[in-house]
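Here are the chains, one letter per residue:
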Amino acid sequence: MSDRATGGKGMPVRLDRVSFSYGEAPLGFDVAFTAAQITAIMGPSGSGKSTLLNLVAGFETPQAGRVLIGGADVGAAPPAARPVSMVFQENNLFAHLSVEQNVGLGRSPSLRLAEADRAAIADALVRTGLAGKEKRLPRELSGGERQRVALARVLVRDRPVLLLDEPFASLGPALRDDMLDLVAGLHAERGMTVLFVTHQPQDARRIAEQVVFLDNGAVAATGTADDFFAGAGPEAFQRYIGDNAGHAVSRDIARKPT
């Protein structure tokens, strides 16, 4: 972990006594995320993981409480005005736009791009392994390549907070590891604050420094990834990952980037 970013451009994120509900399912979040660290957000289906990210991004509005980014209350700010980028499980690419155009949307929604913008796009495509595929349409790409386009768009946006909502869940293990390592490399360079929703203990153990565990619509526990995966996490977390997942995580420790 010695080469991971500990400073950089990341901003702290806090949900201060936030409450939200979909009908009869109340959710409550009171949690802080450390600047410039990767935090895995884990928990059973329906525990509120994606909702938490949507509240930070501005796609959902709290019924009470505050969402703070860099100490500023962003509750009145629309998603586009928040210092946040988000990558979804479905990569949100426009089917009729080329790779470079989809990435260019991160600089200008109208695709009115200056020379500096085009240079930043070209660099992001090289960095994400997409050089030579600038003119391809999303349907001409593999699933992993489409997620690389989404990450390239994150690069050109250069926001201090990155939200990842299970973006690699549909990929095979080897390709998922490649994408996780790409995220870890971008984080080491840029130092952004990363909130990463995942159901995969191996993925969290591979790149996360902190874990936030949600259960029954609330934050059940927080702590370091090392403690959680060494058995110091709450009993509910141990039940959640299960014995088999725990053994897989232990085997994965040797492959975790350092």
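Keep in mind it's a predicted model, so treat the numbers as computed, not measured. Along each chain, residue indices are assigned from 1 in the same order as the chain's sequence is written. pLDDT decides what is reported in this predicted model: residues at 70 or higher carry local features, side-chain atom pairs at 80 or more are listed and counted, and totals for whole chains, interfaces and linings draw on all residues regardless. Side-chain descriptors were evaluated using all non-hydrogen atoms of the structure, hydrogens and water having been removed beforehand.

### Brief notes about the overall build of the protein
Helical segments are the DSSP runs of H or I of at least four residues, strand segments are the runs of E of at least two, and each set is numbered from the N terminus. Within the protein one finds eight helices and 10 strands. For the radius of gyration, the atoms used are the C-alpha atoms, and the globule rule reads 2.2 Å times the number of residues raised to 0.38. Relative to the 2.2 N^0.38 estimate, which gives 18 Å for 258 residues, the radius of gyration of the protein is 18 Å and therefore close to what a compact globule would have. Dimensions of the protein along its principal axes, counting C-alpha atoms only, are 50 × 45 × 35 Å. For every residue, the accessible area (1.4 Å probe, protein chains only) is compared with the maximum for its type, and the residue is labelled buried under 20%, exposed over 50%, or partly exposed between those bounds. Considering the protein as a whole, with its 258 residues, one finds that 50% of them fall into the buried category.

### So, unusual backbone geometry
Residue R17 is not a glycine yet carries a positive backbone phi of 50°. With respect to the element layout, R17 can be found in strand 1 (residues 13-22). Located in the positive-phi region is E166, a residue other than glycine, with phi close to 50°. Position of E166 relative to the elements: it lies in the loop between strand 7 (161-165) and helix 5 (173-190). Taking relative accessible area as the criterion, E166 reaches 18% and is therefore assigned buried.

### So, the environment of R14
By secondary structure assignment, the location of R14 is in strand 1. Note on R14: relative accessible area 36%, which makes it partly exposed. Contacts were defined at the residue level, with two residues in contact if any of their heavy atoms lie within 4.5 Å. With near-sequence residues (within four places) excluded, R14 lies in contact with D30, V31, A32, R66, V67 and L68. In protein, a polar contact requires one atom able to donate a hydrogen and another able to accept it; more generally it is a pair of N or O atoms within 3.5 Å, and residues adjacent in sequence count only if both atoms are side-chain atoms. A polar atom in the side chain of R14 sits 3.4 Å from the side chain of D16.

### Description of the pattern of salt bridges
Pairing between side chains of opposite charge can happen when their charged atoms approach one another. In the sections that follow, a salt bridge refers to a side-chain nitrogen of Lys or Arg positioned within 4 Å of a carboxyl oxygen of Asp or Glu. Per the counting criterion, the structure on display carries 16 salt bridges. Among the ionic pairs, R66 bridges to D16, the shortest N-O distance being 2.9 Å. Here D16 lies in strand 1 and R66 lies in strand 4 (residues 64-69), a separation of 50 residues in the sequence. You can call D16 buried: its relative accessible area is 6%. Taking the shortest distance from any N to any O, the salt bridge between D158 and R190 comes out at 3.0 Å. Taken together, the positions of D158 in the loop between helix 4 (143-157) and strand 7 and R190 in helix 5 put the pair 32 residues apart, joining distant regions of the chain.

Any link to function would need more than the numbers given here.
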